[in-house]
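Examining the three-dimensional arrangement
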Amino acid sequence: MAIDSSKFLQLPPKGTDAPAVLFRNSYQTGVFSIFYAIGRHPLYLWRAQVRNGHIRRLTDEHIGSAALEVAGNNVSTCQVTCPEQDRQTLGVKLPFLVLLVKNLNKYFAFEVEVLDDQGQKRRFKASNFHSGTKVGPFNCSMPLQLEPGWNQVMFNLADFTKRAFNSNYVETTRMTIHANCRLRRIFFMDRLYDVEDGEKQAVFFWLL
């Protein structure tokens, strides 16, 4: 697997000193992580919102290592979002997004917001409870099939932006993970590599 270039970055400051764009001017090549459950502060860049649920780090019994569990009665009221502040954007240019998530056999969703070459922000939402793909001017929702246990969810942002909105992917601006899942890692890649941490491959259904 390629070198994780995010390991060589100093984490940006938080609060009023936090930059508006976290990584646009950072060196991005190979693999670029924005979440890793075994880090000292895995949610440093993230904002957690919890109602009727919990967000906690635990040791997963199948992998024998740390994972972040995001669980709640409603997917819209229990979530983690990156960047932490609404005024901020990620500025990650790498086009392949990978999530290592565990299927908890409950409703689960995640959202990715991207900037395209038309200067528009577009949002993709994938979930295991959508029955088909729906595309609007700025939003695209699609079904996601997860296998039992741990899954590697790979998302080609450049391809999906072109197919859904007939525009070109520039960068990822924001990401939200909703209940219910266990989360091991989230990272971007400049091209496809073998992902050692992942197990079963998740499947998107593009139904237009």
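Note: the structure precedes this text.
Below: a short report on this structure.

Calculation notes
Residues numbered from 1 in each chain as written. Predicted model: local features only at pLDDT ≥ 70, side-chain atom pairs only at ≥ 80, totals over all residues. Heavy atoms only, no water. Helix = DSSP H or I, 4+ residues; strand = E, 2+ residues; numbered from the N terminus. Rg over C-alpha atoms; globule rule 2.2 N^0.38 Å. Buried < 20%, exposed > 50% of the residue type's maximum accessible area, 1.4 Å probe, protein only. Contact = heavy atoms within 4.5 Å. 1 Å grid on protein atoms, 1.4 Å probe; cavity = no way out; pocket = protein on both sides within 12 Å on 5 of 7 lines; lining within 4 Å. Points joined across faces, edges and corners; volume = space filled by probe spheres on them. Nonpolar A, V, L, I, M, F, W, Y, C, P; charged D, E, K, R; others polar. Salt bridge = Lys/Arg side-chain N within 4 Å of Asp/Glu carboxyl O.

To continue, consider the overall build of the chain. Assigned secondary structure in the chain consists of one helix and 15 strands. In terms of overall size, the chain behaves like a compact globule, its C-alpha atoms giving a radius of gyration of 16 Å where 208 residues would be expected to give roughly 17 Å. Each principal axis of the C-alpha atoms in the chain carries an extent, and together these give about 45 × 40 × 35 Å. Burial status across the chain gives 52% buried among its 208 residues. Considering only contacts in the chain between residues 6 or more positions apart, those separated by 24 or more positions represent 74%.

A volume near 430 Å³ is recorded for the largest pocket. Residue lining of the largest pocket: 18 residues in total, with Ser6, Leu11, Ser33, Tyr36 and His41 positioned closest to the centre. Grouping the amino acids of the lining of the largest pocket by side-chain chemistry returns 10 nonpolar, five polar and three charged.

The final tally for this structure, using the stated rule, is one cavity of 30 Å³ or more. Approximately 60 Å³ is the volume found for the largest cavity. For the largest cavity, the full set of lining residues is Pro12, Pro13, Lys14, Ala18, Leu22, Tyr44, Leu45, Glu84, Gln85 and Gln88.

Pairing between side chains becomes possible if they bear opposite charge and their charged atoms approach one another. By the definition in use, this model includes 13 salt bridges. Between Arg56 and Glu69 there is a salt bridge, with its nearest N and O atoms 3.9 Å apart. In this pair, Arg56 sits in strand S3 (residues 53-60) while Glu69 sits in strand S4 (residues 65-72), placing the two residues 13 residues apart along the sequence. On the accessibility criterion, Arg56 (46% relative accessible area) is partly exposed. Across the salt bridge formed by Arg122 and Asp116, the nearest N and O atoms sit 2.7 Å from each other. By the burial criterion, Arg122 is buried, and Asp116 matches it. Among the charged side chains, a salt-bridge network with shared partners connects Arg56, Asp60, Glu61, Glu69, Lys102 and Arg182.

Bear in mind that shape data such as this cannot, by itself, settle questions of function.
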